[in-house]
Amino acid sequence: MRFMLLFSRQGKLRLQKWYLATADKDKKKMVRELMQVVLARKPKMCSFLEWRDLKVVYKRYASLYFCCAIEGQDNELITLELIHRYVELLDKYFGSVCELDIIFNFEKAYFILDEFVMGGEIQDTSKKSVLKAIEQADLLQEVRNPPKRPLWTPIDL
Amino acid sequence: MPAVSKGDGMRGLAVFISDIRNCKSKEAEIKRINKELANIRSKFKGDKALDGYSKKKYVCKLLFIFLLGHDIDFGHMEAVNLLSSNRYTEKQIGYLFISVLVNSNSELIRLINNAIKNDLASRNPTFMGLALHCIANVGSREMAEAFAGEIPKILVAGDTMDSVKQSAALCLLRLYRTSPDLVPMGDWTSRVVHLLNDQHLGVVTAATSLITTLAQKNPEEFKTSVSLAVSRLSRIVTSASTDLQDYTYYFVPAPWLSVKLLRLLQCYPPPEDPAVRGRLTECLETILNKAQEPPKSKKVQHSNAKNAVLFEAISLIIHHDSEPNLLVRACNQLGQFLQHRETNLRYLALESMCTLASSEFSHEAVKTHIETVINALKTERDVSVRQRAVDLLYAMCDRSNAQQIVAEMLNYLETADYSIREEIVLKVAILAEKYAVDYTWYVDTILNLIRIAGDYVSEEVWYRVIQIVINRDDVQGYAAKTVFEALQAPACHENLVKVGGYILGEFGNLIAGDPRSSPLIQFNLLHSKFHLCSVPTRALLLSTYIKFVNLFPEIKTTIQDVLRSDSQLKNADVELQQRAVEYLRLSTIASTDILATVLEEMPPFPERESSILAKLKKKKGPGTVTDLEEIKKERSSDMNGSAEPASVNASAVSTPSPSADLLGLGAAPLANSAPPPSSSGSLLVDVFSDSPSAVAPLAPGSDDNFASPDLASSEVVSEEPADTVHDADELFHKFVCKNNGVLFENQLLQIGLKSEFRQNLGRMFIFYGNKTSTQFLNFTPTVICSDDLQSSLNLQTKPVDPTVDGGAQVQQVVNIECVSDFMEAPILNIQFRYGGTFQNLSVKLPITLNKFFQPTEMSSQDFFQRWKQLSNPKQEVQNIFKAKHPMDAEITKAKIIGFGSALLEEVDPNPANFVGAGIIHTKTTQIGCLLRLEPNLQAQMYRLTLRTSKEAVSQRLCELLSEQF
């Protein structure tokens, strides 16, 4: 996989992960271009498209588009399920994940993705293994950090 | 508000994020961000040492700001500090910031590398994991230099935890992708292969990815992985759906791992060991069988995962291309998918069938689905699916169904999406040419293309129809008649006017006998379109008119009247005005004989690969961008020149005009038919004797023959790089297989070359000899690279002395570095002043891709194994061509060696064939190349096949080598 993008229906980028060194300028251009292409597509259209020299696999979950760019030889369907598995992981971790969870906890979304995919290849497909790794990490910080944890006060959005 | 904030929430961060979300306008957002940036900056600069938590919070805010799309130019140091924190969360945020934001600031990289080193040595698996992730995320060369040696050790160490092993495997994969030269193969490789047997499926999954990537470049080293992969795969596909517990995904056992194993097997030919081969065939059959079983779940995830494995299995079957039974089953399976209700499956089936169509075993089976595919073209609602259908029709086309497929594509073109029209036009043009039994059908098809989608018919397409009509006299009359009829339409596309104008100018006489298309009617018809056309088309029509003067003397006065009109003679466009003036003059002064010679029918074009094919390749395949240059070259070297046959003589009469490139390019073809300079008498002939001909592009002392004062005083410019460049082609090709010799010679100047190449570097000495006894002044040779070429080829030259004495020789050194593979050749342009005239000529400098070959010796077995591995259709380029020289085996061998590859003896089962192998060295990569040349003495033909890992390289090498025999 070359990169993964999460963006909203309004075209706001929520997460970007690049698996091949790319200049910032090019990244911005590619993101803009690809968002346009994907957002212009109608529901029920096929989840794959050719874009530049890459294949793009995307799927929409509620208000959020998950979009992966893969190379010519890569398998489209399994990439589609990779997206689904990532959504499941987010869902399990946050409990009924919504876009706001990803906005406010973007770092967690990154950590989960990192445990799941590394260097553009899937690292572990077992939901249990991935979540165990993340929860262990959470545990680590809670043990080490309890007094510093600020009280949560609701913020009116 | 999010329902859960797990772990260690940072309240300040949450507040900041909601502030940003509450901003009503972009300006407000920017204001809020700037305020925050100022705040963070002051905290970082302040005297008070920040505690780890604050540092983490601010770094995290910076990261958020960056992800919003703003530039961040500070905070890197604080992030690096976090790396050495003992608190996991601080370390983790530090690594995240580095992963997302690091640039190649070498100071910082050293510090980061230090922190990583510590974490790798910590033996704390979570810390090791973070460090490995960071290496994989950044993946820079500096990191590869620091850790590529270390990671294999972690990977194969007995006491490494599984999760760390997984990370290490993928981290190494990432480093290998960016810097393969820094990852040394060694003892560890065999132990990595054995990870395929690991208990932990997560480890196997990660290891399979790594092995696949490594095996693509080092197949020999990882050969043993084949049997292990087959047995692993076999265990998975035969397992019950619950056996693999958490690795079962919606009732499909380990789909990711299955796909990866099947992918790994595609790096190799079918297994040689019959037992392994049998087991693999069983696996593939099982997968195909499962596709027919009722689904275990109605969820789309179940069918997606199952079909992902199925499609990968089909890819492997196609890759092996050896089991007709499996191939046909695969084709039938895809046939079912063609009508599936899931758009995704229809899309993939069309895509996969495209590759299946190229296998001899399944081509016929694919063809049986033609009606379904045509139907898809008509009914699919998604343009990307229709695009696949077009691709498949193109792939399944052969002589038997070409007429039907071309008709359907033309049909579709009427309503096709704008985004894919140009490609369809190219495809139709190629198929029509390739499978034309009857050239009238071809002409009709192309004219239809212009009628339906004129705007999308590129120059290459209409140039090509002209080339073909000119080369085939059996179709010329038909073509003239057809264009004449097509031009009757009240509104016709400008491209049709171009084709019509050109063809009638050449062959209008073939239909002039019919009173309905008499010369005058033809002329009036064309001229009725004239005023609606753009300048280039009008220029072309003027050339048609002067050709008519020759073909139809009876309408000469009508044409002269048109040329003489103010709208022509005083046209604001200098090109049109010039043509009108010159053609009018030519029609008045020249005798019928001279007119007939100058305006003679075009000679046939040399046969060559269709330029539209090259264009399609460019559109479709990455890495073939340079094909564009081929098109340009082709365009300037023959199409433009020949599309303007009548204007040739004009260039001699003309003063240099800014649009000179439209003129005079035809000097080469005309030089043959021009009357010899000695037969002087008429003004025109005098002009010819002075004209800068291709044979003697430098025409010294030519000033006194021509009376016109403004020409005499102006410099005779013998420019037109294109014609000299074109002319030197033959000499250029001689240098493909040798390094020293004479590159160019005329009465004034001789250019000699000596060069040497090693790996991706080279040095070339250019010798310029003044053959006259007069000094050359302002002597300036310049090496010119096109933009494309500049990025692939680094050339450094030193200026030479601007004065070259009579009889003297000067030398120039060019240092060459090949950065990446390239197609075209640099141009050497030389300008100097000789006896008051300005000389300007250009030759191609023979720096060609094959110069960076290093020969590789290998055994027959290795050769054919590698040969099979490079069986992707994009990797192979083949050319069948007529021998241009006597077919002598010894000379052929010498040429292959001169070309740079190793000549492998006793490799090919047929001793008459030649095979070679070598590696192209560029700064960025090395590209393995295999070649095979099969002579056919009876037919006096050769078949040359090139296989390399890169399409553009195969293409270029094949072109270069084809010219040699």
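Parameters and conventions
- Residues numbered from 1 in each chain as written.
- Chains lettered and ligands numbered in written order.
- Predicted model: local features only at pLDDT ≥ 70, side-chain atom pairs only at ≥ 80, totals over all residues.
- Heavy atoms only, no water.
- UniProt positions renumbered as here; feature names shortened; annotations may be inferred.
- Helix = DSSP H or I, 4+ residues; strand = E, 2+ residues; numbered from the N terminus.
- Buried < 20%, exposed > 50% of the residue type's maximum accessible area, 1.4 Å probe, protein only.
- Contact = heavy atoms within 4.5 Å.
- Salt bridge = Lys/Arg side-chain N within 4 Å of Asp/Glu carboxyl O.
- Core = buried A, V, L, I, M, F, W, Y, C linked by side-chain atoms within 4.5 Å.

You'll find chain B entered in an unreviewed UniProt entry as AP-2 complex subunit alpha, with Calidris pygmaea given as the organism. Word for word, the UniProt comment on chain B under Subunit (unreviewed entry) is "Adaptor protein complex 2 (AP-2) is a heterotetramer composed of two large adaptins (alpha-type subunit AP2A1 or AP2A2 and beta-type subunit AP2B1), a medium adaptin (mu-type subunit AP2M1) and a small adaptin (sigma-type subunit AP2S1)." What the UniProt record of chain B gives under Sequence similarities (unreviewed entry) is the line "Belongs to the adaptor complexes large subunit family."

You'll find chain A entered in an unreviewed UniProt entry as AP complex subunit sigma, with Calidris pygmaea given as the organism. As stated in UniProt under Sequence similarities (unreviewed entry), the record for chain A gives "Belongs to the adaptor complexes small subunit family." Annotation of chain A in UniProt includes, under Subunit (unreviewed entry), the sentence "Adaptor protein complex 1 (AP-1) is a heterotetramer composed of two large adaptins (gamma-type subunit AP1G1 and beta-type subunit AP1B1), a medium adaptin (mu-type subunit AP1M1 or AP1M2) and a small adaptin (sigma-type subunit AP1S1 or AP1S2 or AP1S3)."

Chemist: Looking at this model, I keep getting lost on the overall build of chain A. Mind explaining?
Modeler: The number of helices and strands found in chain A is five helices and seven strands. For chain A, buried positions account for 59% of its 157 residues. Considering only intrachain contacts with a sequence separation of at least 6, the fraction spanning at least 24 residues in chain A is 48%.

Chemist: Teacher, can you tell me more about the pattern of salt bridges here?
Modeler: Side chains that carry opposite charge are capable of pairing whenever their charged atoms lie near each other. Enumeration according to the criterion identifies 48 salt bridges over all chains in this entry. In this structure, the salt-bridge partner of Lys260(B) is Glu121(A), at a minimum N-O distance of 2.6 Å. In this pair, Lys260(B) sits in helix H14 (residues 255-265) while Glu121(A) sits in strand S7 (residues 121-122), so the two residues belong to two different chains. In terms of burial, Lys260(B) and Glu121(A) fall into one category: buried. When the shortest N-O distance is used, the salt bridge between Arg564(B) and Asp561(B) registers 3.2 Å. With Arg564(B) and Asp561(B) both in helix H30 (residues 556-564), this residue pair falls three residues apart, about one helical turn. Salt bridges sharing common partners tie together Glu50(A), Arg388(B), Asp391(B), Glu423(B) and Lys427(B).

Chemist: Honestly, the nonpolar core in this entry has me stumped. Any pointers?
Modeler: Grouped burial of nonpolar side chains is what soluble globular proteins tend to show. In terms of nonpolar packing, the biggest core is built from 273 residues, with Tyr86(A) and Ile116(B) touching the most fellow members. Looking at this core element by element, the count peaks at 11 residues for helix H2 (residues 76-94) of chain A. Sequence-distant contacts of Tyr86(A), defined by excluding residues within four places in its chain, comprise Met4(A), Leu6(A), Leu15(A), Phe66(A), Ala109(A), Ile112(A), Leu113(A) and Phe116(A). If you look at the next biggest cluster of nonpolar residues, it comprises 58 residues, including Ile847(B), Met887(B), Leu931(B) and Phe965(B).

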